[in-house]
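Report on the structure
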2 protein chains.
Amino acid sequence: MSKVKREIHFKKVAIIGVGLIGGSIAIVLREKGITKSIIGIGRGVKNLEAAKKLGVVDEFTQDVKEGVKDADLVVAAIPVASIARVIREALPFFKNGAIITDVGSVKKSIVDEIESFLPPEIHFVGGHPIAGTENAGVEAASLTLFQNRKCIITPTKKTGRTALEKVKRIWEIAGSEVILMDAERHDRILAAVSHLPHVVAYALVNTVSGVRDFDEDIVKYSAGGFKDFTRIASSPPEMWRDICLLNRDAILDVIRRFRKTLEGLEQLIAGNNSEGIMREFEKAKNIKNSLKTNSK
Amino acid sequence: MSKVKREIHFKKVAIIGVGLIGGSIAIVLREKGITKSIIGIGRGVKNLEAAKKLGVVDEFTQDVKEGVKDADLVVAAIPVASIARVIREALPFFKNGAIITDVGSVKKSIVDEIESFLPPEIHFVGGHPIAGTENAGVEAASLTLFQNRKCIITPTKKTGRTALEKVKRIWEIAGSEVILMDAERHDRILAAVSHLPHVVAYALVNTVSGVRDFDEDIVKYSAGGFKDFTRIASSPPEMWRDICLLNRDAILDVIRRFRKTLEGLEQLIAGNNSEGIMREFEKAKNIKNSLKTNSK
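The residue count restarts for each chain, going from 1 along the sequence in the order it is written. The order in which chains are written sets their letters, starting at A; the order in which ligands are written sets their numbers, starting at 1. Residues qualify for local features only when their pLDDT is at least 70, as the model is predicted, and side-chain atom pairs are given and counted only at 80 or more; totals for whole chains, interfaces and linings, by contrast, use all residues.

A closer look at the overall build of chain A
Each helix corresponds to a stretch of at least 4 residues labelled H or I by DSSP, and each strand to a stretch of at least 2 residues labelled E; elements are numbered beginning at the N terminus. A count of helical and extended segments in chain A gives twelve helices and nine strands. Judged by the C-alpha coordinates and their principal axes, chain A covers about 65 × 40 × 35 Å. Across the 296 residues in chain A, those meeting the buried criterion constitute 50%. Across chain A, contacts joining residues at least 24 apart in sequence account for 75% of those joining residues at least 6 apart. Buried means a residue has 20 or more other C-beta atoms within 10 Å of its own C-beta, exposed means 12 or fewer, and partly exposed covers the counts in between; C-beta atoms are placed from the backbone. A residue pair is marked as a contact if its C-beta atoms, positioned from the backbone, fall within 7 Å.

What follows is the structure in structure tokens.
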């Protein structure tokens, strides 16, 4: 721990949005001795009071400008659609040399927008911890949320090296495997492995519940498979709407690929192509097996 | 228990296919005093030996003809593509008055085929317990597998009333809610709530793993959503291939509906239609809530 203290330390950290992710970062920063004091910034007083009671933050404010003014590090753990706007509005109040980072699951549009207005004396490093995205609130925040998870950081040519190093170290100390990646690459990869599955789950659930050929609600006959889809499709609608809008092109690209794959499968089924169907299903099953091997 | 004994009793039951489902039926039949003796029929000796060791069956044979010859009740708990063929091959060996039932997740083609060759002195009642379909083997068989699950039974005009009543009672005694339904209706409903989700999961997993635009395997960046899909897509490929072939038309119909829903969502995203996307996502989220209410 003393080693950690020596290599990276902030006097004051501001967390904008003290939910599961923001709260867990706060816990990591405190428990690992990375900061002396933490201020929580948010809109809901009740949640902020809970965060203080839990010892996640030392103090809190609903005023972003007030909250960021002495902070050496500012973490924006708020919905993707708000990140750039909130930072822009607070811009005149940031301390010189302050480092801002975020945890949004879309990066290119956020990084581009923030860099377009950021003065050189304030630093921004885009980040995305691939961890629980469900809005479980500060009560679920924990020191271990980011352990053995991946965290993608998306520096640009404008990103200061020291700021990048510091943000990288925070995530390493949190227990994550840090991967540096171009923001556009991040968005295209996440469109495939995360955003597409959610869009497909929403569409599947609406299709099944939209089957009105019968005089009863057929979802009551569902078992395993469909119920997994309903769980995925119960993620916060606002969050996924914003992701769809902010990462539109990459998501549309993978939807198109998915439709092609599905149409291929459809043709195999329509043609009674037993071997072809088997080949496709076995291919999918093997992915699961390779994931198992990877994640030991 | 004595009540159960009085109302329904078999001297000997043959279970063809002693896996999770077949084994669990055997346990129910024995524990509830519905039969005196149970013979297990299967291809794998090891599995049959395990079933006997576990006390799930009293004896076993690999010869279907030998196995069914004294049975009052025969339960076919084997893959859907084999049910009609196996019963046809054993036909000359069934006892007069024997009741045959199955547990296949496709009904119309199986029921039609079996009724086309079944003599009037042997009875068939198609059934489908909506319970664990993963091939977990006889070791996972249990008395409680069917409790609080639905079991759909698909009688036809040819189905004997007494045979139907007896099969219905077995499932009720097993703890299931029994629903009588036309076989075609069963297949159309299951195509939507069960078969479609699996086909979509296979297509989704293959799409994501087929994204080869990068110099690394991107599935390692996946989290919750995609992993759920890989789990669904790791169901036995043979089983789902057979279901696709046997319930082809109903499955193709719901795939087409799904594609339409997805294309609608695609257009909303392409058009930056924030309200439209939100409406679709919220609709899907509400299904989950209504499922919760249904299943308490």
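After that view of the structure, there is still more to cover.
Topic: the relation of the copies chain A and chain B
Both copies of the chain are related through a single rotation about an axis accompanied by a shift along the same axis. The transform that puts chain A on chain B rotates by 180° and translates by 0.0 Å along the axis, for an RMSD of 0.0 Å. In symmetry terms, the pair is related by a two-fold rotation axis. Judged by C-alpha distance, D228(A) is the residue of chain A that lies nearest the rotation axis, at 3.4 Å. Comparing contact sets, 100% of the residues at the interface of chain A also lie at the interface in chain B, consistent with an isologous, same-surface contact. Here the copies are superposed with least squares, the fitted atoms being C-alpha atoms of residues at a pLDDT of at least 70 in both.

Details of the domain arrangement of chain A
All names here are of chain A. According to the domain assignment, chain A contains domain 1 (2-181) and domain 2 (185-295). Residue ranges assigned to each domain were obtained from an automatic or database domain assignment. For domain 1 and domain 2, the distance between their C-alpha centres works out to 32 Å. Taken together, the contact between domain 1 and domain 2 spans 14 residues of the former and 13 residues of the latter. Residue classes follow a fixed rule: Ala, Val, Leu, Ile, Met, Phe, Trp, Tyr, Cys and Pro count as nonpolar, while Asp, Glu, Lys and Arg count as charged, and any other residue, Gly among them, counts as polar. For the side of domain 1 that touches domain 2, the per-class residue count stands at six nonpolar, five polar and three charged.

What to know about the interface of chain A and chain B
Each partner contributes residues to the interface: chain A has 75 residues there, and chain B has 75 residues. Secondary structure elements with two or more residues in the side of chain A that touches chain B: α8 (183-209), α9 (224-232), α10 (237-246), α11 (248-270) and α12 (274-295) of chain A. For the side of chain A that touches chain B, the leading source of residues is α8(A), giving 20 residues. Its residues assigned to classes, the side of chain A that touches chain B comprises 44 nonpolar, 14 polar and 17 charged.

So, the pairing of strand β5 (residues 99-102) of chain B
All names here are of chain B. Residue alternation in β5 divides its side chains into two sets, I99 and T101 and I100 and D102, and both sets are buried. Looking at chain direction, strand β4 (residues 73-76) and β5 are connected through four bridges and run parallel. The residue of β5 that forms the bridge with V75 is T101. Strands were regarded as paired on the criterion that DSSP finds at least two bridges between them. The pairing of β5 with strand β6 (residues 123-125) spans three bridges and is parallel.

Some details on the pairing of β4(B)
The side chains of a regular strand alternate, residue by residue, between the two faces of the sheet. Residues and elements named next belong to chain B. Of the two faces of β4, both are covered, the one formed by L73 and V75 as well as the one formed by V74 and A76. Of the strand pairs in this sheet, strand β1 (residues 10-16) and β4 are connected by four bridges, and their pairing is parallel. Counterpart to A14 in the pairing with β4 is V74. For the handedness criterion, the strands are oriented away from the viewer, and a crossover whose path from the first strand over the helix to the second runs clockwise is classed as right-handed. Taken together, β4, helix α5 (residues 80-90) and β5 form a β-α-β motif whose crossover is right-handed.

Comments concerning α5(B)
Residue and element names in this part refer to chain B. Of all the positions in α5, only V80, I83, A84, I87 and A90 are classed as buried. Looking straight down α5, one finds its buried side chains confined to an arc of 145°; they lie on one side. Structural note: α5 exposes R85 and E89 on the side pointing more than 90 degrees away from its buried face. Buried residues along α5 sit against α4 (64-68), β4, β5, α6 (108-117) and α10 (237-246). What the arc describes is the spread of directions from the helix axis to the C-beta atoms.

What about the nonpolar core?
Among the nonpolar cores identified, the biggest contains 202 residues, and I15(A) and I15(B) are the most heavily contacted of them. With sequence-adjacent residues up to four places away left out, I15(A) is seen in contact with G22(A), I25(A), A26(A), I38(A), G40(A), I41(A), V57(A), V75(A) and A77(A). For this analysis, nonpolar core means a set of buried Ala, Val, Leu, Ile, Met, Phe, Trp, Tyr and Cys residues linked through C-beta atoms within 7 Å.

Details of the environment of L145(A)
With respect to the element layout, L145(A) can be found in the loop between β7 (127-130) and β8 (150-153). L145(A) sits 31 residues away from I114(A) along the chain, and the two C-alpha atoms are 27 Å apart.

Concerning the environment of F281(B)
With respect to the helices and strands, the residue F281(B) is situated in helix α12 (residues 274-295). Sequence separation between F281(B) and L265(B) is 16 residues, and the spatial gap between their C-alpha atoms is 9.5 Å. If we skip the residues at most four places from it in the chain, F281(B) touches Y202(A), P237(A), W240(A) and R241(A).

With respect to the packing of α9(A) against helix α9 (residues 224-232) of chain B
One way to put it is that α9(A) packs onto α9(B) with a least axis distance of 10 Å and a crossing angle of 175°. Classified by the angle between their axes, α9(A) and α9(B) sit roughly antiparallel to one another. Contacts between α9(A) and α9(B) pair G225(A), D228(A) and I232(A) from the former with G225(B), D228(B) and I232(B) from the latter. Residues of the contact of α9(A) with α9(B), tallied by class, amount to two nonpolar, two polar and two charged. Only the contacting stretch of a helix is used when fitting its axis, a line to C-alpha atoms as for every element, and angles between N-to-C directions run 0 to 180 degrees. Throughout this description, any angle smaller than 35 degrees is read as roughly parallel, any larger than 145 degrees as roughly antiparallel, any in the 65 to 115 degree range as roughly perpendicular, and the remainder as oblique.

Here's the deal with the sheet that holds strand β6 (residues 123-125) of chain A
All names here are of chain A. On the basis of which strands lie adjacent, the open sheet formed by six strands has the order β3-β2-β1-β4-β5-β6 and parallel pairing. Unpaired on one side and paired on the other, β3 (59-61) and β6 mark the two borders of the sheet. For this sheet, the mean inter-axis angle between neighbouring strands, taken without regard to orientation, is 20°. Along the sheet face, helix α2 (residues 20-31) touches β1 (10-16), β2 (35-41) and β4 (73-76) and points at about 165° away from the line of β2.

A short note on α9(A)
Buried within α9(A) are the following residues: G225(A), F226(A), F229(A), T230(A) and I232(A). All buried residues of α9(A) fall inside an arc of 160° around its axis, so they share one side.

Section: the packing of α8(A) against α9(B)
Relative orientation of the contacting elements α8(A) and α9(B) amounts to 65°, with a least axis distance of 7 Å. Relative to α9(B), the element α8(A) is oriented roughly perpendicular. Where α8(A) crosses over α9(B), the handedness of that crossing is left-handed. Residues V193(A), S194(A), P197(A), H198(A) and A201(A) of α8(A) form the contact with α9(B), whose own contacting residues are G225(B), F226(B) and F229(B). In terms of residue class, the contact of α8(A) with α9(B) is built from five nonpolar, three polar and no charged. Two helices cross in a left-handed way if the nearer one is turned anticlockwise from the farther one by less than a right angle. They cross in a right-handed way if the turn is clockwise.

Looking at the sheet that holds strand β8 (residues 150-153) of chain B
The strands making up a sheet are joined through hydrogen bonds of the backbone, oriented either antiparallel or parallel. Residue and element names in this part refer to chain B. Ordered in space as β7-β8-β9, the three strands form an open sheet in which the pairing is mixed. Of all the strands in the sheet, just β7 (127-130) and β9 (177-180) have a single pairing partner and so form its edges. Strand after strand, the sheet turns through a mean of 20° between neighbouring axes, direction not considered. As paired strands, β7 and β8 are joined by four bridges and run antiparallel to one another. Among the inter-strand pairings, I130 is bridged to a residue of β8, identified as K150.

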